[in-house]
Amino acid sequence: KVKARYSFIYKFEDGEWKIAHHHSSMMPEAQLAASAELPLPIADMEVRSLFSLWNNALVTLDPDEVAKRYSKAPCLLPTVSDVPRTDYDSIKAYFVDFLKKKPQGVILESYVTSGPGWCMDNGIYEFTMGTTGDKVKARYSFVYTNEDGEWKIAHHHSSQMPEEVVAKASLPESAFA
């Protein structure tokens, strides 16, 4: 048996749902088990507070500060870009444009999982764009890893809520029941 983490991104294409992106990786416990220095577990509330570090970096409007929140080997699958960002420079470049909107996020729903040296926070967050006042809800996943005693974002996936992508008028009435 092999236990793994995974994520799928589906795309509606040619009248059917197809997998546009799939990622899976071995669970970090297997890699860390060989190490004599296993990090202490992290409490769920502490995991949830890691979002504040990233959100506070957004407040600075400095893309460098935001990019510093990501790990040495990151993966950012952002809401408003089709390009996976897998290094410091590409993450920083993404936030150059995003920060022009002066975003501030709040978590609406949070589901936490953790293990030695890693933790994950998934749920729904909402951003208020300071430049326009617009609000945008999105699903999110943050996977954090402990690097040199500091929690960093190893994987961040954000996607717009389907209700905002598919016009509500095109959904069957039963979808709102």
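All figures in this text were calculated on a predicted structure; none of them were measured in a lab.

Q: Even after reading the chapter, I still don't get the pairing of strand 3 (residues 70–77), so can you show me in this structure?
A: Regular strands have side chains that alternate between both faces of the sheet. For strand 3, the tally of buried residues reaches six of eight residues, placing the bulk of the element in the interior. Relative to strand 7 (residues 150–160), strand 3 runs parallel, the two sharing four bridges. When the bridges of strand 7 are listed, Leu77 appears paired with His157.

Q: Explain the sheet that holds strand 3 here, please?
A: Adjacent strands of a sheet form backbone hydrogen bonds with each other and so pair up, either parallel or antiparallel. Spatially, 3-7-6-5-4 is the arrangement adopted by the five strands of the open sheet, whose pairing is mixed. Because the sheet does not close on itself, it has two edges, and the strands there are strand 3 and strand 4 (103–115). Going from strand to strand, the sheet's axes swing by 20° on average, the running direction of each strand aside. In this structure, strand 6 (residues 135–147) lies alongside strand 7, joined through 10 bridges in antiparallel fashion. Within strand 7, the residue paired with Ala138 across the bridge is Gln160.

Q: Would you mind going over the environment of Ser141 with me for this structure?
A: Along the chain, the position of Ser141 falls in strand 6. Taking the C-alpha atoms as reference points, Ser141 and Ser7, separated by 134 residues in sequence, lie 9.6 Å from one another. When residues no more than four places from it in sequence are discounted, the contact partners of Ser141 are Asp121, Asn122, His155, His156 and His157. A distance of 2.8 Å separates polar atoms of two side chains, one belonging to Ser141 and the other to Asn122.

Q: Looking at this model, I keep getting lost on a nonpolar patch on the surface. Mind explaining?
A: Taken together, the side chains of Tyr6, Phe8, Tyr10, Phe12, Trp17 and Ile19 present a nonpolar region at the surface, about 760 Å² in accessible area. Mapped onto the nonpolar patch, the elements with two or more residues apiece are strand 1 (4–13) and strand 2 (16–26). By residue number, the principal contributor to the nonpolar patch is strand 1, which donates four residues. Along the chain, Phe8 turns up in strand 1.

Q: I tried to follow the packing of aromatic side chains on my own but got confused; where do I start?
A: Each aromatic ring pair is described using two quantities: the centre-to-centre distance and the angle formed by the ring planes. In this structure the tally under the stated criterion is 18 aromatic pairs. Geometrically, the ring pair formed by Phe98 and Phe127 is edge-to-face, given 5.9 Å between the ring centres and 85° between the ring planes. One end of the pair, Phe98, is in helix 4 (residues 88–98); the other, Phe127, is in strand 5 (residues 118–129), and 29 residues separate them in sequence. As far as the burial class goes, Phe98 and Phe127 line up, both buried.

Q: Explanation requested: the environment of Gln160 in the structure shown.
A: In this structure, Gln160 sits in strand 7. When the C-alpha atoms of Gln160 and Pro78 are compared, they prove to be 9.5 Å apart, with 82 residues separating the residues in sequence.

Q: Sorry if this is basic, but what is going on with the environment of Arg85 here?
A: Tracing the sequence through the fold places Arg85 in the loop between strand 3 and helix 4. Residue Arg85 is classed as buried on the basis of its relative accessible area, which comes to 14%. It is 7.6 Å that separates the C-alpha atoms of Arg85 and Pro74, two residues lying 11 residues apart in sequence. Setting aside its immediate chain neighbours within four residues, Arg85 contacts Pro74, Cys75, Leu76, Pro78, Ser90, Ile91, Ala93 and Tyr94.

Q: Can you walk me through helix 2 (residues 44–59) in this structure?
A: Because each turn of an α-helix spans 3.6 residues, side chains separated by three or four positions in sequence point in the same direction. With 16 residues, helix 2 should reach 22 Å at 1.5 Å per residue; the first-to-last C-alpha distance of 24 Å fits that figure. Here helix 2 has its buried residues at Val47, Leu50, Phe51, Trp54, Asn55, Ala57 and Leu58. The buried residues of helix 2 all sit within an arc of 155° when viewed along its axis, so they share a single face. One or two residues past the end of helix 2 sits Leu61, with phi positive at roughly 60°.

What counts, and where the lines are drawn
Residues numbered from 1 in each chain as written. Predicted model: local features only at pLDDT ≥ 70, side-chain atom pairs only at ≥ 80, totals over all residues. Heavy atoms only, no water. Buried < 20%, exposed > 50% of the residue type's maximum accessible area, 1.4 Å probe, protein only. Helix = DSSP H or I, 4+ residues; strand = E, 2+ residues; numbered from the N terminus. Pairing = 2+ DSSP bridges. Axes fitted to C-alpha atoms, helices over the stretch in contact; angles between N-to-C directions. Contact = heavy atoms within 4.5 Å. Polar contact = N/O pair within 3.5 Å; in protein donor to acceptor, adjacent residues only side chain to side chain. Patch = residues over 30% accessible without salt bridge, like charges linked within 9 Å, V, L, I, M, F, W, Y side chains within 5 Å. Areas by Shrake-Rupley, 256 points an atom, 1.4 Å probe, with all protein chains shown as cover. Salt bridge = Lys/Arg side-chain N within 4 Å of Asp/Glu carboxyl O. Phe/Tyr/Trp six-rings, centres within 6.5 Å; stacked < 30°, edge-to-face > 60°. Expected span 1.5 Å × (residues − 1). Arc of directions from axis to C-beta.

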